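Architecture at a glance
This is what each chain is made of:
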Amino acid sequence: MSFERIVILTGAGVSAESGIDTFRDSGGIWSKVDYRDVATPEGFARNPAKVHDFYNQRRRGLLRVQPNAAHRALARLEAVFGGSFLLVTQNIDDLHESAGSRKLAHMHGEINTALCEACGARSRWSGDMTINSQCPHCSTVGRMRVDVVWFGEMPYHMDRIEAALARCDLFVSIGTSGNVYPAAGFVEQANAAGAHTVELNLEPSEGHSSFSDAIYGRATEIVPEFVRRLLAAEVDAAFERIVPLP
């Protein structure tokens, strides 16, 4: 089977094998920290110092991790695949970029980006952020926040993502729980577009029955193999177009 327009969705399961803590799994971050305190606009208004400290710890943690085989396989797919390609990630880390991905949409924002609430400008931000941080654009002090989508806020890049889903002929969901919307509904949008849909996950997600195919196992094992087989099929299809089989 040959494809021309691919959309990939990745979730916490892709970065977990690099050592990034998950949020929703048993023993994940939200089992230890109340999300209302650190991941809502209301929590930030109540105690910005606590929110800054929470994300500063997450940001420092990125210095100790590297992209894994799943990240690298998806970057290779993007580089080799000749058709339309979009990688949508729910993850706020930078491991896809570090692996080489460029056609990428961070729908939940990025932990290494800061947003100024005074002027709306975004800035790359690698160090700690505090209530005394100054906006590099407007120089306002005390209005900087991490540029991630908190509970109750609208995910980023939805127009671009939905346009890609409406055109795709292959949709692959990797390492997601299937219970966070709007991402959990992407498979139905892809199905409505007539796409072939595949779930790659450690175990069946809540929406697993909506997928055409599924492969379960560790992301570092099943994603590289899936990409290898997909690219091999693309090469075979291209060769057959040039030299039709008898």
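Structure shown above.
These remarks concern the structure in this document. (Residues numbered from 1 in each chain as written. Predicted model: local features only at pLDDT ≥ 70, side-chain atom pairs only at ≥ 80, totals over all residues. Heavy atoms only, no water.)

1. Some points on the layout of surface pockets
- Approximately 260 Å³ is the volume attributed to the second largest pocket.
- When residues in the lining of the second largest pocket are grouped by element, the largest group, 4 residues, is from helix H9 (residues 219-242).
- In the lining of the second largest pocket, the residues fall into 8 nonpolar, 1 polar and 2 charged. (1 Å grid on protein atoms, 1.4 Å probe; cavity = no way out; pocket = protein on both sides within 12 Å on 5 of 7 lines; lining within 4 Å. Points joined across faces, edges and corners; volume = space filled by probe spheres on them. Helix = DSSP H or I, 4+ residues; strand = E, 2+ residues; numbered from the N terminus. Nonpolar A, V, L, I, M, F, W, Y, C, P; charged D, E, K, R; others polar.)

2. Quick word on the nonpolar core
- Formed by 24 residues in total, the largest nonpolar core has its most connected members in Ile-6, Ile-8, Leu-77, Val-172, Ile-174, Leu-200 and Val-223.
- The set of elements that each furnish at least two residues to this core consists of strand S1 (5-10), helix H5 (69-80), strand S2 (84-89), strand S7 (170-174), strand S8 (196-201) and H9.
- Among the elements that take part in this core, H9 stands out by supplying 7 residues, more than any other.
- The residues touching Ile-8, leaving out its near neighbours within four places in the chain, are Leu-74, Leu-77, Phe-85, Leu-86, Leu-87, Val-88, Val-172 and Ile-174.
- Counting 18 residues, the second-largest nonpolar core is a separate cluster that includes Leu-86, Val-88, Cys-168 and Ala-183. (Core = buried A, V, L, I, M, F, W, Y, C linked by side-chain atoms within 4.5 Å. Buried < 20%, exposed > 50% of the residue type's maximum accessible area, 1.4 Å probe, protein only. Contact = heavy atoms within 4.5 Å.)

3. Considerations on the sheet that holds strand S6 (residues 144-148)
- Here we have 3 strands laid out as an open sheet, ordered S5-S4-S6, and antiparallel in their pairing. The sheet is open, and its two edges are formed by strand S5 (122-124) and S6, each paired on a single side. In this sheet, adjacent strand axes meet at a mean angle of 45° when their direction is disregarded.
- As defined by bridge partners, strand S4 (residues 109-116) adjoins S5 across 3 bridges and the pair is classed as antiparallel. Bridged to Ala-114 within S5 is Ser-123.
- Lying on the sheet, helix H4 (residues 48-61) is in contact with S4 and S6; it crosses S6 at an angle near 55°. (Pairing = 2+ DSSP bridges. Axes fitted to C-alpha atoms, helices over the stretch in contact; angles between N-to-C directions.)

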